[in-house]
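# Results of the structural survey
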Amino acid sequence: DMEGYAWIPIPMKTSLDGKSHTLYNMTISPYITSDQIGLFSSISEDGVVKNLTMHGPKINVPNKSYIGAIAGSCAGSITNCHVVLTSANAIVGNEHVGGLVGLANGGKYANVGASISSCTVSSTTSSAAIIGNDLVGGAIGELSYNCANTILDVHVSASIAGSNEVGGIVGRIHQQRAEQLSFEGTIIALTTNGEYFGGLVGKLLDGDIISSK
């Protein structure tokens with residue numbers, strides 16, 4: 001239980017096996033001055049986070065970008081991880097905001113990129129739990145195009161609010177494949193002139209969504 005501690009994100013370059021344990025009440029330090037914010041600031045192409053549940057994380061950094069409960073950005077692997085949001089405005093950022101990770105991107109190796117599989121994000125409140133301006137997703141803010149990335153078996157049950165490129169699972173997918181996704185919740189537009197809102201994906205750029213609902 002991290003109640004009462006102001007967490008400062010750190011980069012993950014190795015492996016963390018949560019062994020089905022639950023991390024409660026992570027609250028990000030209000031003194032954070034940089035982007036890439038979550039339990040980990042980033043997960044490198046060699047990094048792995050698996051078998052972990054985060055219950056009740058609180059990240060309120062409306063002027064920062066690359067925000068997610070597990071990591072701000074990920075070029076490695078997130079598997080069998082679950083985020084349970086217990087309050088409105090649980091995860092708040094500016095751009096690239098997701099329940100799991102803000103940006104799923106490629107690593108330094110060719111044809112290598114983030115792999116996010118068998119993960120869930122859920123909320124115990126009907127109010128918007130994940131909020132941002134641009135590139136906002138229930139699980140991932142953006143699935144980048146620069147390397148081979150994979151999303152498989154990812155499910156979200158939460159309400160999400162944003163201004164542009166807002167999706168129940170991913171805000172934007174660019175030239176990638178996503179499979180076995182499901183979303184149940186509400187997508188809320190924060191402006192009247194925003195663009196690209198979708199139940200699964202806000203904006204799909206030359207990619208594929210397979211076996212999803």
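For clarity, every value in this text was computed on a predicted model and none was experimentally measured.

What counts as what
- All residue numbers here refer to positions counted from 1 along the written sequence of the relevant chain.
- The predicted origin of the model limits local features to residues at a pLDDT of at least 70 and limits the giving and counting of side-chain atom pairs to 80 or more, whereas totals for whole chains, interfaces and linings rest on all residues.
- Derived side-chain values reflect all non-hydrogen atoms in the structure, with water molecules and hydrogen atoms excluded from consideration.
- Strands here mean DSSP runs of E at least two residues long; helices mean DSSP runs of H or I at least four residues long; both are numbered from the N terminus.
- Any N or O atom pair separated by 3.5 Å or less is treated as a polar contact, with the protein-specific requirement of one donor-capable and one acceptor-capable atom, and with residues adjacent in sequence counted only for side-chain atom pairs.
- Pairs of strands are assigned from DSSP output, requiring at least two bridges between the strands.
- Angles shown run from 0 to 180 degrees and are taken between the N-to-C directions of axes, each axis being a line fitted to C-alpha atoms and, for helices, limited to the stretch in contact.
- Remark: nonpolar core denotes a set of buried residues (Ala, Val, Leu, Ile, Met, Phe, Trp, Tyr, Cys) joined through side-chain atoms within 4.5 Å.
- Relative accessibility under 20% of the residue-type maximum defines a buried residue, over 50% an exposed one, and the middle range a partly exposed one, all with a 1.4 Å probe and only protein chains included.
- Contact criterion: two residues are considered in contact whenever any of their non-hydrogen atoms come within 4.5 Å of each other.
- Any two cysteine sulfur atoms within 2.5 Å of one another count as a disulfide.
- We define a salt bridge as a side-chain nitrogen of Lys or Arg found within 4 Å of a carboxyl oxygen belonging to Asp or Glu.

### Let's talk about the side chain of R172
Its place among the elements puts R172 in strand β20 (residues 170-174). A polar contact of 3.1 Å, which involves the side chain of R172, links it to the side chain of E142.

### Quick notes on the sheet that holds strand β17 (residues 150-157)
Spatial strand order, β3-β6-β9-β13-β17-β21-β25: seven strands in an open sheet with parallel pairing. Edge strands, defined here as strands with exactly one partner in the open sheet, are β3 (15-24) and β25 (208-210). Put simply, the sheet's adjacent strands are angled 15 degrees from each other on average, direction ignored. The pairing of strand β9 (residues 77-85) with strand β13 (residues 115-123) spans seven bridges and is classified as parallel.

### Digging into the nonpolar core
Ranked by internal contacts, the top residues of the largest apolar core, which has 54 residues, are I43, I70, I78, L100, I116 and I169. Considering every element that reaches this core, the biggest residue donor is β9, with four residues. Filtering out sequence-adjacent residues up to four positions away, I116 remains in contact with I78, L100, V101, A104, I140, T150, I151, L152 and V154.

### Brief notes about the state of the cysteines
Tallied over the entire structure, the rule returns zero disulfides. No disulfide involves C81; its nearest neighbouring cysteine sulfur is the one of C119, lying 5.1 Å away. Exposure remark for C119: the relative accessible area of 0% places this residue in the buried category.

### Digging into the pattern of salt bridges
One pass over the structure, following the stated rule, counts three salt bridges. Note that E165 and R172 form a salt bridge whose closest N and O atoms lie 2.6 Å from each other. As a salt-bridge pair, R177 and E179 come within 3.4 Å of each other at their nearest N and O atoms. Take R177: its relative accessible area is 43%, and that puts it in the partly exposed class. Take E179: its relative accessible area is 22%, and that puts it in the partly exposed class.

### Here we look at the side chain of S41
Following the sequence through the fold, S41 ends up in strand β5 (residues 40-43). The class for S41 is buried, based on a relative accessible area of 13%. Setting aside residues up to four positions removed in sequence, S41 forms contacts with P9, I10, P11, Q36, A71, G72 and S73.

### Thoughts on the sheet that holds β20
On the basis of which strands lie adjacent, the open sheet formed by seven strands has the order β2-β5-β8-β12-β16-β20-β24 and parallel pairing. On the outer flanks of this sheet lie β2 (10-12) and β24 (201-205), each paired with one strand and no other. Averaged over all pairs of adjacent strands, the angle between their axes in this sheet comes to 10 degrees, without regard to strand direction. One ladder, built from three bridges, connects β5 with strand β8 (residues 71-74); its direction is parallel. Looking at the pairing, I43 lines up with C74 of β8.

### Topic: unusual backbone geometry
Positive phi values are uncommon outside glycine, yet N25 reaches one of about 60 degrees. Looking at the secondary structure, you find N25 in the loop between β3 and β4 (27-28). Positive phi is not limited to glycine here, since L135 has a value of about 60 degrees. Along the chain, L135 turns up in strand β15 (residues 134-137).

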